[in-house]
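Each chain is listed here by its residues.
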Amino acid sequence: MRIYLISLEQDQQRRIELAERFPQNYPKMLWIKAINGKKLPAKDYFYCAQQYFNIHKKLITPSEVGCTLSHIKALETFLESDDEYCLILEDDVIGCDKDITYIMSLVTNNKINDFVLCGGQDGLNFLKYIMAKKNIDNLYFLPIFSMKFLFRTCSYIVNKKTARYIIKKQKKKLEIADAWYEIFKKSNISLSYLNLLNHPEDLSNSHIENERSRFYMVEKNFFKRIYKQGLFWKIYNRLRNDIYRWILILKGYKQIHKDKP
């Protein structure tokens, strides 16, 4: 299983820090030069933005487009290889060589299914709804419901079946790279979660988050903000999610833990 590292050419310092965190595995990583969405030709960006807007009725930022295209590029590169699985990392992932060794052992011993999200949920607030069944290898098998509350693309494993599926799905209907629920909700892909690698909680150096803060205007008037956000729709969604969570608990699912294996 090869490791594919997605990193913008300009982010040399990130790669230096990554090499310090993974001294044994960094030299083996195949660098996928990430696509800088802010430097895309206007026609390419607006083609993607129009696709996304037609479905979601909102804009997608240039950096989100670049991130999505970069992951498609990595998956296409993987499909050209003879490997059965690949591990895709972004250059801000936090971990150590021991973590990679553990992941490799799962693959070697045929413990991995179609798709494994390897962590990266640090600082997010949806843990309550991430329900799963755990096996002896610290893998959490997920219902599609829980994919609504899992985000980020800093570390995940796919096999070739999943890589082909994601590429086909993205080229037919563009989604943000970490919209896992939208990507997998009508698939037969088996999903699991490994609470192992981490993502920085401080997002001040995140290209995507910095652009989002400038790209989307925040309504300052409280009542207008509540109206635009759809208060009653949010209450309905919350109740529906809580009911579904209890149904999963009755089926033997449990909330995942924050502790690493």
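What comes next concerns the included structure. (Residues numbered from 1 in each chain as written. Predicted model: local features only at pLDDT ≥ 70, side-chain atom pairs only at ≥ 80, totals over all residues. Heavy atoms only, no water.)

The next subject is the packing of aromatic side chains. Summed over all chains, the structure comprises 15 aromatic pairs. For the ring pair Y4 and F78, a centre distance of 6.4 Å and an interplane angle of 70° mean the geometry is edge-to-face. Separated by 74 residues along the polypeptide, Y4 in strand β1 (residues 2–7) and F78 in helix α3 (residues 62–79) bring together distant segments of the chain. You'll find Y4 and F78 in the same group, each marked buried. Their ring planes at 40° and their centres at 5.9 Å tell us that F126 and F149 sit as a pair that is tilted. With F126 in the loop between β4 (115–119) and β5 (131–134) and F149 in the loop between β6 (139–141) and β7 (155–159), this pair connects stretches of sequence that are 23 residues apart. Here the basic side chain of R15 rests over the ring of W31, its NZ or CZ set 4.1 Å away from the ring centre. The ring of W246 has R245 sitting right over it, with the charged end atom 5.7 Å from the ring centre. (Phe/Tyr/Trp six-rings, centres within 6.5 Å; stacked < 30°, edge-to-face > 60°. Helix = DSSP H or I, 4+ residues; strand = E, 2+ residues; numbered from the N terminus. Buried < 20%, exposed > 50% of the residue type's maximum accessible area, 1.4 Å probe, protein only. Lys NZ or Arg CZ within 6 Å of the ring centre and 35° of its normal.)

A few words on the pairing of β7. With respect to burial, β7 is a largely interior element, five of its five residues being buried. Neither face of β7 is exposed, since S155, I157 and N159 on one face and Y156 and V158 on the opposite face are all buried. The pairing of strand β3 (residues 85–90) with β7 spans five bridges and is classified as antiparallel. The residue bridging Y85 from the neighbouring strand is N159, located in β7. Across three bridges, β4 lies against β7 in antiparallel orientation. Bridging across to β7, L117 finds its partner in Y156. (Pairing = 2+ DSSP bridges.)

Between the first and last C-alpha of α3 there are 26 Å, a value that for 18 residues agrees with the 26 Å anticipated at 1.5 Å per step. The element α3 is largely enclosed, with a buried count of 13 among its 18 residues. (Expected span 1.5 Å × (residues − 1).)

Bringing the pattern of salt bridges into the picture now. Across all of its chains, the model carries eight salt bridges by this definition. The salt bridge involving E76 is made with K171; its shortest N-O contact spans 2.8 Å. Here K171 lies in helix α5 (residues 160–172) and E76 lies in helix α3, a separation of 95 residues in the sequence. For E76, a relative accessible area of 30% translates into the label partly exposed. By sharing partners, the salt bridges in this structure join K128, R238 and D242 into a single network. (Salt bridge = Lys/Arg side-chain N within 4 Å of Asp/Glu carboxyl O.)

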